[in-house]
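Each chain is listed here by its residues.
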Amino acid sequence: DVLKRHVICAAAAALLGSAASLAHAAPEEIQVYEDDTVKPGHFGLDLHNIYVASGARTADYPGGQVPNHDYRFTPEFYYGLAPGLEAGFYVLSQLDSRGIYTVGGEKVRLKYVPPRPESQPWYVGLNFEIGRVSHRYDPNPWNAELKGIAGWKAGKWDFALNANVDWTVSGPHPAPVSLELTGKAGYAVTKGLSLGVESYNTLGDHRNFGRFDQNEQRLFAVADVDVLGWNLDLGVGRGWTKVTDGWVAKAVIGV
């Protein structure tokens, strides 16, 4: 009986350890934040579409979502509060490989990028978000993220870097604070068309910090297209570690 209890405890610990990374394994958005904010008094809408062409065929924990052939749709509404300051609200939803559609929670965010003169190529900013998600997305319902934003624009080149600090606000299985670095390099081929690459790299928490093979690493080829007042952020990417989804396609439609 003692041995049986030890085995059960060890299995439960392993299960919760893998579940702690689920929020990263199934993101509701794949995007590098830049200096764009909506004008004060104006509304905006981004439609995040993500399709996992190849991913894990089993859930990380009982009741969790299965990444393989998973389609995630996240409408994001935002409103300009002041110059450089906007508030956002988005709803998480999912269509799994069985054709079952579910709504997975809501999040709110506040983004601030101080206005700068046109002659200044660099910028910095912050984005804070907090939300509640269903058990399918994360075993801990309440989670938060603080995102540091930095970038540089000069000529046809556009570079951006985000440092994301994620933590559990409340839930039955609190996870340690983790860090993710995301980056983007783009080049304007023509007016209204920019091509580039995006990198999403989870550095992990104190237990596996800096161990790239134990954390999620993604690389995307992307195209930003402006047409008829719409902005399209299109990309195809691949995970490079065993804990990351394989091939993923994304399309962010901005109005």
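Residues numbered from 1 in each chain as written. Predicted model: local features only at pLDDT ≥ 70, side-chain atom pairs only at ≥ 80, totals over all residues. Heavy atoms only, no water.

**Observations regarding unusual backbone geometry**
Argument step 1. The phi torsion at His69 lies on the positive side, around 60 degrees, for a residue other than glycine.
Argument step 2. With respect to the secondary-structure elements, His69 resides in the loop between strand S1 (43-52) and strand S2 (71-82). (Helix = DSSP H or I, 4+ residues; strand = E, 2+ residues; numbered from the N terminus.)

**Remarks on a nonpolar patch on the surface**
Argument step 1. On the surface, Trp122, Val124, Trp152, Trp157, Phe159, Tyr187, Val189 and Leu195 cluster together to form a nonpolar patch covering roughly 760 Å² of accessible area.
Argument step 2. Only strand S5 (122-133), strand S7 (157-170) and strand S8 (178-190) provide two or more residues apiece to the nonpolar patch.
Argument step 3. Structurally, Phe159 is set in strand S7. (Patch = residues over 30% accessible without salt bridge, like charges linked within 9 Å, V, L, I, M, F, W, Y side chains within 5 Å. Areas by Shrake-Rupley, 256 points an atom, 1.4 Å probe, with all protein chains shown as cover. Salt bridge = Lys/Arg side-chain N within 4 Å of Asp/Glu carboxyl O.)

**Some details on the environment of Ala59**
Argument step 1. Relative to the helices and strands, Ala59 resides in the loop between S1 and S2.
Argument step 2. Along the sequence, Ala59 and Arg136 sit 77 residues apart, while their C-alpha atoms lie 9.1 Å from each other.
Argument step 3. In this structure Ala59 touches Gly64, Gln65 and Val66, once residues within four positions along its chain are discounted. (Contact = heavy atoms within 4.5 Å.)

**As for the environment of Lys107**
Argument step 1. The residue Lys107 is located in strand S4 (residues 101-112) in this model.
Argument step 2. With 15 residues separating them along the chain, Lys107 and Leu92 place their C-alpha atoms 8.1 Å apart.
Argument step 3. Those residues in contact with Lys107 that sit more than four places away from it in its chain are Glu28, Gly88, Phe89, Tyr90, Leu92, Glu129, Ile130, Gly131 and Val133.

**Describing the nonpolar core**
Argument step 1. Core analysis: the largest hydrophobic core is formed by 13 residues, its most contacted members being Ile30, Tyr123, Tyr200, Phe220 and Val248.
Argument step 2. Those elements giving two or more residues to this core turn out to be S1 and strand S10 (217-227).
Argument step 3. Contacts of Ile30, omitting those with residues within four sequence positions, involve Ile50, Tyr200, Phe220, Val248 and Lys250. (Core = buried A, V, L, I, M, F, W, Y, C linked by side-chain atoms within 4.5 Å. Buried < 20%, exposed > 50% of the residue type's maximum accessible area, 1.4 Å probe, protein only.)

**Structural notes on the pairing of strand S3 (residues 85-95)**
Argument step 1. Of the strand pairs in this sheet, S2 and S3 are connected by nine bridges, and their pairing is antiparallel. From the neighbouring strand, Glu76 faces S3, where its bridge partner is Tyr90.
Argument step 2. As consecutive antiparallel partners, S2 and S3 are separated by two residues, and within that stretch Gly84 has a phi angle of approximately 80 degrees, a positive value.
Argument step 3. As paired elements, S3 and S4 share eleven bridges and run antiparallel to each other. Note that in S4 the partner of Gly88 across the bridge is Arg109. (Pairing = 2+ DSSP bridges.)

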